[in-house]
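Structural overview for review
Below are the chains, spelled out letter by letter.
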Amino acid sequence: MQKLASVLASSVLVLGAAACGAASAAPGIGLVFNGVPAPNLSPVPATQAFADWCAGICFPTTQFPVADAGTGQARGSAFVWGKSFQNGAGGSLCFSEFIAFALNEGELHVMSGDKGTCGAPIDPLLKPPLHADLGALFVIAGGGDGVIAGGTGRFKQWTGTYTDRVFVGFGAPTSGVGGIVYYDQLWFVITPK
């Protein structure tokens with residue numbers, strides 16, 4: 001019985017220490033956007049991380065406002081660049097993206113590797129597009145994963161990871177921004193180390 005009590009006490013200490021460590025780490029952020037994006041007209045980020053990632057072959061895609069996923073309060077804007085599109089079976093595709101978040105507390109940059117962002121179309125009978133009136137023909141479900149690539153202000157020292165998940169309303173390349181008509185539940189979780 002005394003051995004069991006000792007093991008339980010040790011477990012409580014370990015869990016308590018882990019909880020304190022988690023509480024002292026910088027909290028991550030969750031961001032969300034629903035709606036029709038605009039073309040990304042932002043200048044490219046003047047960072048070595050962006051230059052290395054882009055390698056002269058990337059292009060701007062979309063920009064849109066982002067809100068806090070928990071409160072709905074406006075947090076800033078996101079500016080996206082893409083490259084290295086690869087098509088797979090069944091209409092699936094993967095690519096790499098770089099996202100510059102201009103947030104109230106500073107800029108935060110994230111990037112995915114090759115094939116870091118992927119998606120595939122959903123049968124329109126199962127999930128019809130929301131904005132057929134704007135040219136959306138089908139929905140792609142997908143998401144991406146990558147790393148924090150730098151920042152300013154509150155985010156200056158951040159390293160870590162990010163994940164995003166989304167439904168994208170797609171149409172012809174002449175619809176929306178290169179075929180991207182809308183984002184439905186575009187959700188980001190950015191987690192510092």
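Summary of the structure given here. (Residues numbered from 1 in each chain as written. Predicted model: local features only at pLDDT ≥ 70, side-chain atom pairs only at ≥ 80, totals over all residues. Heavy atoms only, no water.)

**Digging into the overall build of the chain**
Rule in force here: Strands here are runs of E lasting at least two residues and helices are runs of H or I lasting at least four, both read from the DSSP assignment and numbered beginning at the N terminus. Throughout, exposure labels follow a simple rule: accessible area from a 1.4 Å probe, protein chains only, divided by the maximum for the residue type, with under 20% read as buried, over 50% as exposed, and the rest as partly exposed. Exposure was quantified through the Shrake-Rupley algorithm and a 1.4 Å probe, taking into account, for residues, occlusion by the shown protein chains and nothing else.
Counting its secondary structure elements, the chain contains two helices and ten strands. Ordered by position from N to C terminus, the α and β elements of the chain give α-β-β-α-β-β-β-β-β-β-β-β. When the 193 residues of the chain are sorted by exposure, 38% land in the buried category. Put simply, the chain shows about 10,200 Å² of open surface, and 64% of that area lies on carbon and sulfur atoms.

**Things to note about the pattern of salt bridges**
Cut-off, in case you're wondering: Salt bridge, as used here: a side-chain nitrogen of Lys or Arg that lies within 4 Å of a carboxyl oxygen of Asp or Glu.
Enumeration over the complete set of coordinates arrives at five salt bridges. Between Arg 75 and Glu 105 there is a salt bridge whose closest N-O contact spans 2.6 Å. Taken as a pair, Arg 75 in strand E4 (residues 74-87) and Glu 105 in the loop between strand E5 (93-103) and strand E6 (106-111) lie far apart in primary sequence, 30 residues in all. In this structure, Asp 184 engages Lys 127 in a salt bridge whose closest nitrogen and oxygen atoms are separated by 3.8 Å. Taken together, the positions of Asp 184 in strand E10 (residues 180-192) and Lys 127 in the loop between strand E7 (117-122) and strand E8 (138-151) put the pair 57 residues apart, joining distant regions of the chain. Relative accessible area serves as the criterion here: at 12%, Asp 184 is assigned to the buried category. Among the charged side chains, a network of salt bridges with common partners joins Asp 68, Arg 75, Glu 105 and Arg 154.

**Topic: the side chain of Arg 75**
Definition in use: Should any heavy atoms of two residues lie within 4.5 Å, those residues are considered in contact.
Judged by relative accessible area, which is 9%, Arg 75 ranks as buried. Setting aside residues up to four positions removed in sequence, Arg 75 forms contacts with Ile 29, Leu 31, Val 66, Ala 67, Asp 68, Ala 102, Leu 103, Asn 104, Glu 105, Arg 154 and Phe 155.

**Side note on the pairing of strand E1 (residues 29-35)**
For a regular strand, side-chain orientation follows a simple rule: the groups alternate between the two sheet faces. In plain terms, the rule: A pair of strands counts as paired when DSSP detects no fewer than two bridges linking them.
As paired elements, E1 and E10 share six bridges and run antiparallel to each other. Within E10, the residue paired with Val 32 across the bridge is Trp 187. Strand direction decides the pairing type here: E1 and strand E3 (residues 59-68), joined by two bridges, are antiparallel. Bridge pairing in E3 links Leu 31 to Asp 68.

**Some thoughts on the nonpolar core**
A general tendency of soluble globular proteins is for nonpolar side chains to be buried together. Short version of the rule: Take the buried Ala, Val, Leu, Ile, Met, Phe, Trp, Tyr and Cys residues and link them wherever side-chain atoms come within 4.5 Å; each set so joined is a nonpolar core.
Grouped together as the largest cluster of nonpolar side chains are 27 residues, with contacts concentrated most on Phe 64, Phe 101 and Ile 190. The contacts of Phe 64, once residues within four sequence positions are left out, are Phe 33, Pro 37, Ser 77, Ala 78, Val 80, Tyr 183, Leu 186 and Phe 188. Listed in part, the nine residues of the second largest apolar core include Phe 50, Trp 53, Trp 81 and Ala 149.

**Quick look at the state of the cysteines**
For the record, the criterion: Disulfides are defined in this document as cysteine sulfur pairs within 2.5 Å.
The tally for this structure, following the rule as stated, stands at two disulfides. The disulfide partner of Cys 54 is Cys 58, and the S-S distance across this bridge is 2.1 Å. An S-S torsion of about -90° defines the bridge between Cys 54 and Cys 58 as left-handed. Disulfide pairing is shown between Cys 94 and Cys 118; the S-S distance is 2.0 Å. Here the S-S torsion is close to 110°, and the disulfide linking Cys 94 with Cys 118 is therefore right-handed. In this pair, Cys 94 is assigned in strand E5 and Cys 118 in strand E7, connecting sequence segments 24 residues apart. Owing to a relative accessible area of 18%, Cys 94 belongs among the buried residues under this scheme. Taken in sequence order, the bonded cysteines of the chain link in the pattern 1-2, 3-4.

**Some points on the packing of aromatic side chains**
Short version of the rule: Within 6.5 Å between ring centres, the rings of Phe, Tyr and Trp (the latter by its six-membered ring) count as paired, and their orientation is classed by plane angle as stacked under 30 degrees, edge-to-face over 60, tilted in between. Only Lys NZ and Arg CZ are tested; either one counts as a charge over a ring when it is within 6 Å of the ring centre and within 35 degrees of the ring normal.
Counting across every chain of the model gives 13 aromatic pairs. Relative to Tyr 183, the ring of Phe 64 has its centre 5.3 Å away and its plane inclined at 65°; by these criteria the two rings are edge-to-face. With Phe 64 in strand E3 and Tyr 183 in strand E10, this residue pair connects regions lying 119 residues apart in the sequence. Among the aromatic residues, those joined into a cluster by ring pairs are Phe 33, Phe 64, Phe 101, Tyr 183 and Phe 188. Its guanidinium or amino end placed over the ring of Phe 167, Lys 127 lies 4.4 Å from that ring's centre, counting from NZ or CZ.

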